[in-house]
Each structure stands twice: as C-alpha cells, then as structure tokens.
Amino acid sequence: MKLSTRVGLVVIAVLVLAVTGAAVARLAWPSVEQPLAFNHRLHIVELGNTCTDCHLYAESGVRATIPNVEVCSFCHEEAQTDSPAEAALLEFVQAGEPIPWKKVYWVPEHVYFSHRRHTTIAGIECAECHGVMEEKEQPVSRREVPLTMEGCMDCHDEKGASNDCLLCHR
Amino acid sequence: MTGAAAAPTLEEDPVAALAEGVLDGSRPLEALFVVDCDPLHTSPAGGLLREALDRIPLVVSMTPFRDETAAAAGFVLPSPVFLEAWQATTTPAGVPFSVLGLGEPVVDPPLFDTRHPADVLLELARHLGGNSAAALPWEGYDAYLKHRLEGLAVSGQGAVISSSFEESWVHYMEERGWRFSKRRDTDDFYRELAEQAAWWNPVRGTGNWERLFRTPSGRFEFYSQNLARRLQRLGAGSDAEAFSRGAASLGLAAPVDEACLPHFEPPSGEGEGDLWLSVFRPITARGRLGIASPMVLEMFGYPFLDGWRTWAEIAPETAHELHLEDGDEVQVRSERGEVEAVVMIRPGTSPGIVHLPAGLGHREHVGAAGGIGANPLDLVADVRDPLSGAWSPNATRVTLRLLRRRDHGGPPPAHGGHG
Amino acid sequence: MARWGMVIDLDRCNGCGGCMAACHKENNLAAVGADETVGMDRAFHWLKILPEVSGSGAEAEVRHVPHMCVQCDNPPCIRVCPVHATYLGEEGIVGQVYSRCIGCRYCMAACPYNAKVFNWYEPEWPGDLKKAANPDVSLRPKGVVEKCTFCHHRVVRAREEARAAGRPIADGEVTTACAETCPTKAITFGDLDDPDSRVRRLSRSSRAFRPHADLGTEPKVFYLAKKE
C-alpha cells in the first residue's frame with residue numbers, strides 16, 4: 001500500500017469515527033422508559049390540544065411543566081375510552097398519586113434558561129427544541145433534539161441574539 | 001437588685017415597673033401574655049423580669065421566633081411573621097398629614113402552623129363569655145380592623161392612594177376648594193384599601209381647633225404640655241410653683257424652664273470604672289426578623305467588615321491611653337456584669353466612652369443568632385432617667401481589660417492591662 | 001448598545017447599609033459564618049461600605065464609601081484568568097462564569113479594587129433560606145470566585161420587558177438592587193452612552209471622580225464628592 005493511500009485511509013477512518021462519534025453523542029442521551037404510554041399525536045392532532053394546554057407556564061414562566069394528575073384530571077376524571085393507557089392513568093388519578101414521569105429535557109444547574117424569553121418574546125416554536133410532537137405516538141423517551149451549548153449558541157447567532165456568557169451562565 | 005429604692009421618677013419604665021410590681025407583691029399577676037416582643041433580651045430590666053416570670057402562674061409568649069422570653073414562658077403560641085398576617089400602620093412620626101397603611105397577608109395560609117395573636121385573644125374572649133365576649137365581638141383580626149376603619153370610610157375624608165396620581169390629586173384639590181362629603185361603603189372602602197395598601201389625607205380638617213389647642217394660652221406652645229401637667233400634679237397644684245416643686249422633687253439638674261424642653265440631663269451614674277458605657281442599637285439589629293438571619297449577622301458590624309461579634313467602639317485618644325489597638329479582644333466590666341468585645345477604634349467618637357452595640361448575645365437560639373456575641377444590656381446599671389423612668393443606658397461606669405492582642409494569642413503584655 | 005455605569009454620590013450616603021443588605025438578598029450571597037468572617041478575614045460581600053476618616057478628634061469627619069466591582073473597561077482581572085472565566089461583556093459588564101472558574105484566584109490578586117470574593121467552602125443555606133433565593137441568580141458552588149455583576153439579570157429582564165412591549169429601554173428603567181434600595185438616592189445606574197441619561201450627566205459633573213483612575217483601568221463606577 002502506498003504511503004498516500006495509507007494516509008488517506010487514516011484520514012477517512014478518522015472522519016468516519018468523528019461523524020459516527022458525533023451521531024452517537026447525539027443519540028447517547030439516556031433513553032428512559034416512561035410510566036405511561038402517552039400518545040402526543042392523539043392529544044394534539046386528533047383532540048386539538050395545544051402544547052400549553054397541558055404544559056403550563058411554557059409561555060409565561062421561566063420553567064415549563066410536565067403535566068401530572070392535577071392537569072390530566074381536567075379531562076380524565078372518568079374513563080373516556082377503553083384504552084389500557086388511559087386505564088393506567090386513571091389508577092394514578094383515582095389514587096391521587098403523582099405519575100412518576102422521567103424528566104428528559106433539562107439544562108445543567110449552571111445554565112439559566114427561561115421558557116418565556118424563548119417562546120413568548122422571541123416567538124420560537126416549541127418544536128425547535130423539543131421536536132415535532134404531532135408525529136409522536138409513543139411517550140417521549142429521549143431528547144428529540146440534542147441540547148448542547150453549541151446548539152444554543154448557533155441558534156443565538158442565527159437569530160441575532162446575544163451570546164454574552166452572563167446571559168445563560170449567571 | 002430591685003429598683004424599688006431607686007430615686008422617684010415621673011414615669012415608670014414599663015418592663016421594670018411590671019417586674020417590680022410582681023416581685024414586691026404590689027401588683028400580683030395571674031397571667032402575662034407577651035406579644036411579639038422579647039423583653040428579656042431587649043430591655044435592660046430583662047433580668048428583673050426573668051425573676052418576676054417565676055412568680056406569674058401563666059406566662060404565654062406569642063412570637064414567630066424561639067426567643068429568650070419564649071424560652072422562659074410556660075406556653076409558646078407561634079404567631080405568623082408580618083408577611084403572613086394582616087397589618088395596619090398609622091402616620092409615622094414626622095409626616096405632617098394623616099396616612100394609614102393596610103397590608104394584606106401575602107403568604108396565605110402561613111407557611112407554618114401559626115395563629116395571629118389577635119385571633120387568639122379574640123377567641124379567648126369568646127370563651128370567657130360575659131363582658132369580655134361582649135367587648136370583643138369580632139370574629140378575627142381582619143374583622144376588627146374593618147370595624148376600626150368604618151369611621152374613616154363613613155367620614156368620606158381623604159383618599160385611598162390610587163395607581164393613577166391624578167385621582168389623588170383631584171381629590172386633593174377637592175379637599176382644598178370644593179367639598180364633597182363622600183360617604184363610602186365600608187366593605188368597598190376596605191377592599192379598595194387592601195388593594196392599594198394606603199389611605200392619605202393631605203389636608204388637616206379644620207373645625208377641631210379645640211382639640212388641637214388644649215394649651216393654657218390657646219396658642220402654639222413649644223414645650224411638652226404633658227410633662228408640664230405631670231410635674232404640676234407631682235407638686236400637688238396647678239400653678240408655676242407646683243411645677244417647680246414637682247421638678248425639684250425629681251432632682252432634675254436642668255433649670256426648671258428647660259425641664260419640659262428637650263434637654264441634656266447629665267447621667268447620675270455612680271460606680272467604679274473610668275469610662276462611660278453607651279449602648280446603641282445598630283441599624284442591622286432593629287426589627288424582629290433582622291438578627292435571626294445569618295445574612296444580617298454577617299453584616300451586623302458592616303462598617304468594619306466584621307459581623308458575628310460584639311465590638312467596642314472607642315476614640316483613638318482612649319485607645320492610646322489604654323494601649324489598645326484595633327482588633328484587640330477586651331473585657332468590658334461594670335458593677336452588674338461583664339462582656340467580651342473586640343476593640344474598634346473610631347475617630348470622631350468622644351474620648352472616655354465605650355460604645356457597645358445591642359442586638360447580639362441571645363441566650364436562646366434565635367435563628368442563627370444563639371450564643372453569638374454579647375448583650376451589653378447585661379452591663380447597664382439600674383439608673384433611671386428622672387423624667388421617663390427608663391433605665392438610662394448611658395449612665396453606667398465600666399472598665400476595659402485587655403484579654404488578647406489581635407492576631408496572636410498568649411498573655412497580654414504587661415503594660416496592656418488597665419482597670 | 002448600552003454601556004452600563006454607576007454614579008455614587010458620597011455626599012448623600014449616610015452609611016446605612018441598605019445597599020449591602022439588598023445586594024446580599026438580590027444576588028443570593030451565602031453567609032460564610034463566624035469562623036471565616038471573624039477568624040480569617042474572609043467577609044463575604046459584593047458590596048462593602050468602607051469608612052473613610054479625615055481629620056481627628058472632634059474635627060473628625062467620617063465618610064462612607066459604598067464599594068463594589070467598578071466594572072473596568074480595561075479590567076486587569078480578565079488578563080490573568082487562565083480559563084476565560086472572567087471576561088468583559090459587550091455592554092461593559094465584567095462577567096464571571098462560575099461553571100468555567102477553576103478557583104485559582106489570580107483575578108482576585110490582580111484586582112486593584114479588592115472587589116472579588118472566593119467561596120472557600122460549599123455555601124450553606126440553613127433552614128428554609130434556600131427557598132428565599134432569587135431564582136434569577138444561581139447559587140454558587142464552592143471553589144469559585146464571584147463579584148458584583150451590576151445586577152446583570154435585571155438588565156436582561158428589563159430588555160425582555162422592553163422587547164415584549166416593542167420599545168427601547170428607558171433611562172432609569174434598569175436599576176441595580178443597591179440603587180433601588182438606597183433611601184437617600186445616592187446611587188444612580190444607567191447607560192453611560194445614552195446622551196440623555198442621568199448617569200451620564202452625573203458622571204461628567206465637576207464633583208465626579210473615578211477610583212484609582214491613574215491605574216488606567218477605566219472604571220465605570222464614578223463617585224461624586226464635594227471638592228475640598
């Protein structure tokens with residue numbers, strides 16, 4: 001094998017590793033198993049709910065919320081279908097026990113993130129960071145879109161928002 | 001030390017009078033309710049009161065904090081802090097017109113299992129029945145407040161402060177020129193007041209001059225009418241001679257003419273020691289919440305960047321005389337006791353005086369403040385101000401003794417000790 | 001773009017300490033406790049009030065100088081930071097990124113104003129105090145340096161409100177916790193580049209001076225004091 005070929009192969013190998021590494025890193029967010037088989041598509045597309053009907057404070061607060069029995073029981077006080085998923089939910093509702101959802105999206109403690117600033121003020125769609133939920137029939141078990149500092153900064157650059165460190169690290 | 005033998009005073013120190021009355025049997029008490037204060041810690045007569053509490057069968061402390069008085073009480077009924085309760089305040093001293101503030105509880109229900117002292121007393125009255133129940137018929141503290149505000153609502157005077165300045169201004173103009181007497185519905189008034197938090201009446205109503213000018217001359221008199229009347233009564237009469245007799249019987253040092261004006265009454269303190277003690281309360285130690293929080297403890301002595309301990313402010317001249325330096329640890333001793341403090345040399349302070357801050361030295365664990373620093377009131381001698389009867393916090397002789405030099409331990413150098 | 005600055009009128013300051021308390025509360029400063037404060041001279045404040053005495057005896061005059069990070073335009077601290085944890089922001093605020101800080105304390109040594117403090121131990125929040133923390137400001141871990149941020153989070157919040165209402169930030173709309181609390185209105189905060197701002201006018205007063213201006217640090221905190 002010629003030296004140039006060998007160098008070429010090494011370069012290719014490095015590239016492949018880098019690309020797959022990045023892909024793996026993207027997928028490497030731990031996949032979790034949710035306690036209930038929640039169907040986003042059903043709730044959004046077929047029943048016509050919007051994100052903030054259940055994820056309260058996503059437009060008005062610093063932190064958005066993951067709906068729990070208090071919110072679910074607005075509609076699900078009694079069985080409305082014969083779905084086993086709903087039956088499982090009703091067990092929680094009737095017992096008054098919180099559903100042990102596993103958190104999928106979070107930012108580290110040293111990052112300040114305000115939902116209101118991004119949704120209401122900047123007008124960014126939920127899907128940009130959380131993926132297209134209209135198509136999801138299975139519960140969210142991993143991040144649809146990776147949350148990385150690089151991603152945040154790229155988006156800030158694109159949208160002309162400041163990348164001053166103190167904005168997020170305070 | 002019982003103060004019964006002390007020189008006569010015009011007024012009585014309320015804490016000392018209560019304690020002395022109990023101790024000498026002249027005013028036996030069956031029950032004492034201590035509401036939202038800690039006299040064992042904040043009064044120089046706290047030591048007397050501590051003795052007296054043992055002779056009162058029922059002592060109840062209503063306080064948000066586990067303070068010294070609560071620790072000595074038979075029952076502690078936890079009360080809410082100011083953010084958790086209705087509160088009303090009236091015109092503070094120095095404001096030349098009437099204002100009234102009404103505060104709604106912002107944390108409702110309270111974080112902990114507490115009850116407002118007024119609610120407790122109202123319920124006690126209900127259970128007592130008879131006259132007590134008839135005199136205190138309100139269901140709760142807010143109902144009582146509403147009742148007290150009824151007169152204000154009906155009178156139509158003043159205005160609830162509104163978010164738009166104009167509204168108040170128009171009302172102000174109305175008050176000056178055109179007079180509309182607006183009788184207001186009490187419920188509406190109360191609701192509006194609770195929302196806007198304050199009422200004011202920038203113009204003093206005319207027509208009650210008789211009440212305002214109850215002076216002998218019927219004009220402005222620039223001395224204390226109250227003191228003059230009391231001194232006359234003491235001299236058993238109602239003329240100038242009775243006044244002089246009264247003033248003389250108290251042994252006032254000030255000329256008679258000055259007795260009813262703000263004046264300097266030199267302390268009559270006796271005892272050993274070549275320095276005067278001056279106790280002051282720093283801004284960080286005022287209020288009930290303050291000293292319980294570690295944050296405030298940290299800035300207790302903020303002008304010196306040094307919290308968490310009691311300091312002794314002395315003038316550079318005094319420090320020079322006593323061979324003391326900034327940061328030296330000293331013992332301040334009076335006839336009544338001794339405390340430890342750190343020397344802080346303050347230019348501008350009068351020589352010959354030791355200033356000690358009050359606020360620390362809690363015997364009980366009040367927030368983070370338990371066992372930190374010293375309470376200089378422990379030093380204060382039983383010398384009463386002839387007029388107010390207050391334990392004079394500036395009439396105590398003390399000595400300073402060096403305990404430790406700053407930065408290095410070991411025995412103090414031979415020339416360092418004094419007194 | 002704004003260039004934030006502050007003017008402190010020393011003839012108005014009476015040394016009450018309100019600014020200090022407000023700063024502690026606003027910025028979640030932990031209490032480090034008696035052992036460190038007293039025993040080791042590690043008093044932990046972003047804003048201190050320094051007494052300044054002139055004259056002696058009965059003629060002594062005491063002046064109180066509220067003192068915090070002066071937000072230099074040419075900050076010595078950022079040059080020595082090996083990890084770019086402290087930097088000069090685009091609006092002139094010297095930032096300290098806690099998650100980057102490795103706790104070497106070079107910046108503290110470089111700062112001629114002694115404006116930075118170090119978390120020697122894990123800050124403690126006894127009882128319910130953590131619940132009372134300002135959610136806009138983080139709770140710092142141990143081993144990082146911190147300092148006054150000119151209440152940067154308030155600037156961000158004001159800009160957010162202005163943007164939501166579709167208008168520029170008005171003069172006086174952003175103010176720091178210390179300035180807001182000051183009962184004598186000794187502290188003024190604002191945009192030094194805004195030709196109509198109060199802070200700009202005051203900073204050009206004949207009474208104005210900057211602390212250690214001779215060092216070339218270009219501080220953005222100005223003091224006002226009567227001329228001798």
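Up top you'll find the structure we're talking about.
Values in this document were obtained by computation on a predicted structure and should not be read as measured data.

J.: Before we go on, may I ask you to explain the overall build of chain B in this structure?
T.: Along chain B, the regular secondary structure elements total 14 helices and 13 strands. Here chain B holds 419 residues, and 43% of them are scored as buried. In chain B, the share of contacts with a sequence separation of at least 24, taken over all contacts with a separation of at least 6, comes to 65%. Split by element, the accessible area of chain B, about 22,400 Å² in all, is 54% carbon and sulfur.

J.: Teacher, can you tell me more about the overall build of chain C here?
T.: Each helix and strand in chain C was counted, giving seven helices and 10 strands. By the burial criterion, 51% of the 228 residues in chain C qualify as buried. In chain C, once contacts between residues fewer than 6 apart in sequence are set aside, the share between residues at least 24 apart is 61%. Here chain C displays about 10,500 Å² of accessible surface, and carbon together with sulfur accounts for 51% of that area.

J.: When you look at the interface of chain C and chain A in this model, what are you seeing that I'm missing?
T.: As a measure of interface size, the accessible area lost when the parts come together is often cited. Residue-level contacts link 20 residues of chain C with 13 residues of chain A. Both sides together, the interface formed by chain C and chain A hides about 1,500 Å², and carbon and sulfur atoms give 54% of it. When residues of chain C are sorted by the area they lose upon contact with chain A, Tyr87(C), His152(C) and Glu160(C) head the list and together hold 30% of the total. Where chain C meets chain A, there are three salt bridges. The salt bridge involving Glu160(C) is made with Arg117(A); its shortest N-O contact spans 2.3 Å. Our enumeration of links across chain C and chain A arrives at 10 residue pairs in polar contact (both at pLDDT 80 or more). Listed by contribution, the elements that provide at least two residues to the side of chain C that touches chain A are strand S5 (94-96) and helix H5 (152-165) of chain C.

J.: Help me understand the sheet that holds strand S4 (residues 87-90) of chain B, please; the structure alone is not making it clear to me.
T.: The pairing of strands in a sheet comes from backbone hydrogen bonds and takes either a parallel or an antiparallel form. Residue and element names in this part refer to chain B. Within the open sheet, the four strands sit side by side as S4-S5-S7-S6. Their pairing is antiparallel. The open sheet has two edge strands with one neighbour each: S4 and strand S6 (159-160). Looking at chain direction, strand S5 (residues 98-103) and strand S7 (residues 198-201) are connected through four bridges and run antiparallel. Its bridge partner lying in S7, Val99 is registered against Trp200. Docked against the sheet, helix H7 (residues 141-155) engages S4, S5 and S7, running at close to 150° with respect to S5.

J.: Can you walk me through helix H1 (residues 18-26) of chain C in this structure?
T.: At 3.6 residues per turn, the α-helix brings residues three or four places apart onto the same side. Residue and element names in this part refer to chain C. In terms of burial, H1 is largely enclosed, as seven of its nine residues are buried. Buried residues of H1: Gly18, Cys19, Met20, Ala22, Cys23, His24 and Glu26, and no others. Phi turns positive one or two residues past the end of H1, at Asn28, with a value near 55°.

J.: Could you clarify how one ought to interpret the sheet that holds strand S2 (residues 58-63) of chain B in this entry?
T.: All names here are of chain B. Pairing is parallel across the open sheet formed by three strands, whose spatial order is S1-S2-S3. Both outer strands of the open sheet, strand S1 (31-35) and strand S3 (75-78), are each paired with one neighbouring strand and no more. Mean inter-strand twist for the sheet, computed between neighbouring axes without regard to direction, equals 15°. Relative to S2, S1 is paired through five bridges, and the arrangement is parallel. Opposite Val34, over in S2, you have Ser61 as the bridge partner.

J.: Can you help me understand the pattern of salt bridges in this one?
T.: Two side chains carrying opposite charge are able to pair once their charged atoms lie near each other. Counted according to the given criterion, the structure contains 37 salt bridges over all chains. A salt bridge links Glu123(B) to Arg115(B); the shortest N-O distance between them is 2.6 Å. Judged by relative accessible area, Glu123(B) falls into the partly exposed class, the value being 26%. The partner of Arg404(B) in a salt bridge is Glu329(B), with the nearest N and O atoms 2.8 Å apart. Of the two residues, Arg404(B) sits in strand S13 (residues 396-404) while Glu329(B) sits in strand S10 (residues 329-333), which places them 75 residues apart along the sequence. Judged by relative accessible area, Arg404(B) falls into the partly exposed class, the value being 33%. One salt-bridge network, in which partners are shared between bridges, spans Arg116(A), Arg117(A), Glu160(C) and Glu161(C).

J.: Hey, could you run me through the interface of chain B and chain C in this one?
T.: Every contact between the two is made by 19 residues of chain B and, on the other side, 29 residues of chain C. Applying the counting rule to chain B against chain C returns zero salt bridges. For the pair chain B and chain C, the number of links is six residue pairs in polar contact (both at pLDDT 80 or more). Counting residues per element, the side of chain B that touches chain C draws most heavily on helix H13 (residues 294-298) of chain B, which supplies three residues.

J.: Teacher, can you tell me more about the side chain of Lys116(C) here?
T.: All names here are of chain C. Relative to the helices and strands, Lys116 is located in the loop between helix H4 (106-110) and strand S6 (117-118). No salt bridge is formed by the buried Lys116; its nearest oppositely charged neighbour, Glu146, is found at 11 Å. A polar contact of 3.3 Å, which involves the side chain of Lys116, links it to the side chain of Thr86. Filtering out sequence-adjacent residues up to four positions away, Lys116 remains in contact with Cys77, Thr86, Gln96, Cys107, Met108, Val145, Glu146 and Lys147.

J.: What's the story with the nonpolar core in this structure? I'm lost.
T.: If you look at soluble globular proteins, the nonpolar side chains tend to sit buried side by side. In this structure, Trp4(C), Met6(C), Ile8(C), Met68(C), Phe150(C) and Val221(C) are the most contacted members of the largest nonpolar core, which totals 50 residues. The set of elements that each furnish at least two residues to this core consists of strand S1 (4-9), H1, S6, H5, helix H6 (177-181), strand S8 (187-191) and strand S10 (221-224) of chain C. Among all residues touching Met6(C), those that are not within four sequence positions of it are Met68(C), Phe150(C), Thr176(C), Cys178(C), Ile187(C), Thr188(C), Phe189(C), Val199(C), Lys220(C), Val221(C) and Phe222(C). Counting 23 residues, the second largest nonpolar core, distinct from the first, contains Val279(B), Val330(B), Leu377(B) and Leu400(B).

J.: Any chance you could explain the packing of H7(B) against helix H9 (residues 186-196) of chain B here in plain terms?
T.: Packed helices, taken two at a time, are described by the angle between their axes plus the distance between the axes. Residue and element names in this part refer to chain B. At a closest axis distance of 9 Å, the pairing of H7 and H9 adopts a crossing angle of 110°. Taken as axis vectors, H7 and H9 run roughly perpendicular relative to one another. The segment H7 lies against H9, with Asp142, Leu145, Lys146, Leu149, Glu150, Leu152 and Ala153 engaging Thr186, Asp187, Phe189, Tyr190 and Leu193.

J.: How do you make sense of the environment of Val80(C) when you look at a structure like this?
T.: Residues and elements named next belong to chain C. Mapped onto the secondary structure, Val80 falls in helix H3 (residues 76-80). The partly exposed category is assigned to Val80, whose relative accessible area is 30%. Each C-alpha atom of the pair Val80 and Tyr106 lies 6.1 Å from the other, and the pair is 26 residues apart in sequence. Excluding its chain neighbours within four sequence positions, the residues that come into contact with Val80 are Tyr106, Cys107 and Ala110.

Reading the values: rules and limits
- Residues numbered from 1 in each chain as written.
- Chains lettered and ligands numbered in written order.
- Predicted model: local features only at pLDDT ≥ 70, side-chain atom pairs only at ≥ 80, totals over all residues.
- Heavy atoms only, no water.
- Helix = DSSP H or I, 4+ residues; strand = E, 2+ residues; numbered from the N terminus.
- Buried < 20%, exposed > 50% of the residue type's maximum accessible area, 1.4 Å probe, protein only.
- Contact = heavy atoms within 4.5 Å.
- Areas by Shrake-Rupley, 256 points an atom, 1.4 Å probe, with all protein chains shown as cover.
- Buried area = accessible area lost by both parts, 1.4 Å probe.
- Salt bridge = Lys/Arg side-chain N within 4 Å of Asp/Glu carboxyl O.
- Polar contact = N/O pair within 3.5 Å; in protein donor to acceptor, adjacent residues only side chain to side chain.
- Pairing = 2+ DSSP bridges.
- Axes fitted to C-alpha atoms, helices over the stretch in contact; angles between N-to-C directions.
- Lys, Arg positive; Asp, Glu negative; His and termini not counted.
- Core = buried A, V, L, I, M, F, W, Y, C linked by side-chain atoms within 4.5 Å.
- Parallel < 35°, antiparallel > 145°, perpendicular 65-115°, else oblique.

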